[in-house]
Amino acid sequence: MEKTGSSQALSRAVFLVPAGIAMLAGINAALTLVGVDAPVEAARTGDLHGMLMVGGFLGTLIALERAVALRHRLGFAAPLLLGLGGIALLTPLPIMVGKLLLFDGAIAFAAVYAALFRRSHDDVVIVEFLGAVCLAIGAFLWLRVEVPWLLAWLVGFVVLTICAERVELARLHMPPTGGRTLVLHSGALTITLVMTLLWPDLGARLTGLVIVSLVVWLVRHDVARKTIRANGLPRFSAASLLAGYFWLFLAAMTWVIGGAQLGGNLYDLVVHSTMLGFAISMVMAHAPVILPAVLRRPLPYRPIMWVPLVLMHVGLLIRILAGDLGQLYTVWQAGSVINIVALLLFFVVAFGSSLAGPVARRPRAKAPAGQTHPRGVPSSPSSSTAAPHRSVS
């Protein structure tokens, strides 16, 4: 039985390889885009940065997690195709090969959600399905237009997928109508995304308004507002979540005010507030919960995880406040490099923490028989200490 679990974990880890390659290639392209010497010089990777990070990296990771939840071999076609699409973009093959593989992978991803919905009829899965459809539409549009024209659909994929998973993980703390409210927001967002194709400026502003409403609703009901006062993993996750909501709110408000005609600096603000400030913060928050379920290996929390989290948000503040808004190019470069270092450092820390195994717990000192604990509960030699409650913050 243990060998079967190990072989499953190993086979699933294989799907992380193309995701990791796409992330590294996307980071290499990011260095090129910000005017910093990159480790690998490639002519076209700068143009592929967005789809490598969203489709090849995030898409593959999330599709793998959903394939594991489906518990069917065909479900792994989605992370396989998305991963191969990211790899194909980096080879001498025609770029259309990679684009088609990403499109096929997104279609397979949506099919996984359709199968999950047939099993559970869960409102949250409807929202995740719409997120995968957004990715498929974005990948389809990429066959004909450049990435900036499909930004709204990539944002739709990230926002709907991550917000749905957040509601799913924190369901016990959400109101009974949480799933239905999320579906209404996702339906409205899908409509406004379609409007961006017909009336770009109006569609962008309405898309921003819907996202603002969604963020306000999530923050109002998310248990992270309470667990931010806790310790350890709950506090770390809560800080990641609340910071992510802040950046998504900022990106949405920029769309509300600026519409579709965003200049280069405001475009950068929307893209990286969403994809770094929101998406990567949510990855950091949920990694200790989701990755063990996928790879069957614990990812224990360690205080060092705060270092990449803080670096990520400090770098983003520098990049946006001084760079995008202050138009200080050198400072913008510095903030961008800090973001890259933070992203790499988080995965190094996560890998090291997983290899190191569970954190040893300090034994709790026993009170003498008959003495009262601080909470007023009498202790005795036969009394047992309850295991600490683990919650998803």
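Above this note sits the structure.
Residues numbered from 1 in each chain as written. Predicted model: local features only at pLDDT ≥ 70, side-chain atom pairs only at ≥ 80, totals over all residues. Heavy atoms only, no water.

Visitor: Describe the overall build of the protein, with residues and values.
Guide: Counting its secondary structure elements, the protein contains 14 helices and zero strands. Reading the helices (α) and strands (β) of the protein from amino to carboxyl end gives α-α-α-α-α-α-α-α-α-α-α-α-α-α. Here the protein, with 393 residues, has 50% of them falling under the buried criterion. Partitioning the intrachain contacts of the protein with sequence separation of at least 6 by distance along the chain shows that 72% fall at a separation of at least 24. Accessible surface for the protein amounts to roughly 19,100 Å². Of this, 67% is attributable to carbon and sulfur atoms. (Helix = DSSP H or I, 4+ residues; strand = E, 2+ residues; numbered from the N terminus. Buried < 20%, exposed > 50% of the residue type's maximum accessible area, 1.4 Å probe, protein only. Contact = heavy atoms within 4.5 Å. Areas by Shrake-Rupley, 256 points an atom, 1.4 Å probe, with all protein chains shown as cover.)

Visitor: Tell me what's going on with the environment of Arg12, and back it up with residues and numbers.
Guide: Turning to its location among the elements, Arg12 is positioned in helix 1 (residues 2-14). You can call Arg12 buried: its relative accessible area is 11%. Apart from the residues lying within four places of it in its own chain, the contact partners of Arg12 are Leu64, Val68, Phe76, Ala293, Val294, Leu295 and Arg296.

Visitor: I'd like a description of a positive patch on the surface, backed by residues and values.
Guide: Together, Arg220, Arg225, Lys226 and Arg229 line one region of the surface with positive charge. Take Lys226: it is sitting in helix 10 (residues 224-227). The exposure class of Lys226 is exposed, given its relative accessible area of 61%. (Patch = residues over 30% accessible without salt bridge, like charges linked within 9 Å, V, L, I, M, F, W, Y side chains within 5 Å. Salt bridge = Lys/Arg side-chain N within 4 Å of Asp/Glu carboxyl O. Lys, Arg positive; Asp, Glu negative; His and termini not counted. Charge placed at Lys NZ, Arg CZ, Asp CG, Glu CD.)

Visitor: How would you sum up the pattern of salt bridges? Please name residues and give values.
Guide: Within this structure, the stated rule accounts for nine salt bridges. When the shortest N-O distance is used, the salt bridge between Glu128 and Arg66 registers 3.5 Å. One end of the pair, Glu128, is in helix 6 (residues 123-141); the other, Arg66, is in helix 3 (residues 45-70), with 62 residues separating them in the sequence. Comparing Glu128 with Arg66, the two get one shared label, buried. As a salt-bridge pair, Arg66 and Glu165 come within 4.0 Å of each other at their nearest N and O atoms. Remark: Glu165 occurs in helix 7 (residues 151-169) and Arg66 occurs in helix 3; sequence separation between them is 99 residues. Take Glu165: its relative accessible area is 11%, and that puts it in the buried class.

Visitor: Requested: an account of the packing of aromatic side chains, with residues and values cited.
Guide: The full count for this structure, using the stated rule, is 10 aromatic pairs. Measuring from ring centre to ring centre gives 5.8 Å for Phe103 and Phe140, while their planes differ by 45 degrees; the resulting arrangement is tilted. Pair noted here: Phe103 is in helix 5 (residues 95-120) and Phe140 is in helix 6, with a separation of 37 residues, a long-range link. Residue classification places Phe103 among the partly exposed residues on the basis of a relative accessible area of 21%. Relative to Phe347, the ring of Phe346 lies with its centre 5.5 Å away and its plane at 75 degrees, an arrangement referred to as edge-to-face. Lying across the ring of Trp142, Lys99 places its NZ or CZ 4.8 Å from the centre. (Phe/Tyr/Trp six-rings, centres within 6.5 Å; stacked < 30°, edge-to-face > 60°. Lys NZ or Arg CZ within 6 Å of the ring centre and 35° of its normal.)

Visitor: Kindly report on the environment of Met253, identifying the contributing residues and their values.
Guide: Take Met253: it is sitting in helix 11 (residues 232-258). Judged by relative accessible area, Met253 falls into the partly exposed class, the value being 27%.

Visitor: Go over the environment of Gly55, please, and point to the residues and values.
Guide: Structurally, Gly55 is set in helix 3. In this structure, the C-alpha to C-alpha distance between Gly55 and Gly86, residues 31 residues apart in sequence, is 7.3 Å. In contact with Gly55, other than residues within four places in its own chain, are Thr60, Leu82 and Leu102.

Visitor: Pulling in residues and values, what's your account of the nonpolar core?
Guide: Generally speaking, a soluble globular protein has its nonpolar side chains buried in company with each other. Ranked by internal contacts, the top residues of the largest apolar core, which has 105 residues, are Phe109, Val158, Val159, Ile211, Trp255 and Phe278. The leading source of residues in this core is helix 7, at 13 residues. Apart from residues no more than four positions distant in its own chain, Phe278 is found in contact with Val158, Val159, Ile162, Cys163, Gly244, Tyr245, Trp247, Leu248 and Ser273. Core analysis: the second largest hydrophobic core is formed by eight residues, Phe15, Leu64, Ala67 and Ile290 among them. (Core = buried A, V, L, I, M, F, W, Y, C linked by side-chain atoms within 4.5 Å.)

Visitor: Outline helix 2 (residues 16-33), listing residues and values.
Guide: Over its 18 residues, helix 2 extends 25 Å from the first C-alpha to the last, a length consistent with the 26 Å expected when each residue adds 1.5 Å. In the stretch just after helix 2, Gly35 is the one whose phi turns positive, near 80 degrees. (Expected span 1.5 Å × (residues − 1).)

Visitor: Provide a residue-level description of the packing of helix 5 against helix 6, including the pertinent values.
Guide: Axis separation between helix 5 and helix 6 bottoms out at 8 Å; the angle between their running directions is 165 degrees. Accordingly, the angle class assigned to the pair helix 5 and helix 6 is roughly antiparallel. In terms of crossing hand, the pair formed by helix 5 and helix 6 is left-handed. Residue-level contacts link Leu102, Phe103, Ala106, Ile107, Phe109, Ala110, Tyr113, Ala114, Leu116, Phe117 and Ser120 of helix 5 to Val125, Ile126, Glu128, Phe129, Ala132, Val133, Leu135, Ala136, Ala139 and Phe140 of helix 6. When the residues that make up the contact of helix 5 with helix 6 are grouped by side-chain class, the tally is 19 nonpolar, one polar and one charged. (Axes fitted to C-alpha atoms, helices over the stretch in contact; angles between N-to-C directions. Parallel < 35°, antiparallel > 145°, perpendicular 65-115°, else oblique. Left-handed = near helix turned anticlockwise from the far one by under 90°. Nonpolar A, V, L, I, M, F, W, Y, C, P; charged D, E, K, R; others polar.)

Visitor: Residue-level account of the side chain of Glu65, with values.
Guide: Positionally, Glu65 belongs in helix 3. Side-chain polar atoms of Glu65 contact the side chain of Arg66, separated by 2.8 Å. Apart from residues lying up to four places away in sequence, Glu65 is in contact with Glu165, Ile290 and Val294. (Polar contact = N/O pair within 3.5 Å; in protein donor to acceptor, adjacent residues only side chain to side chain.)

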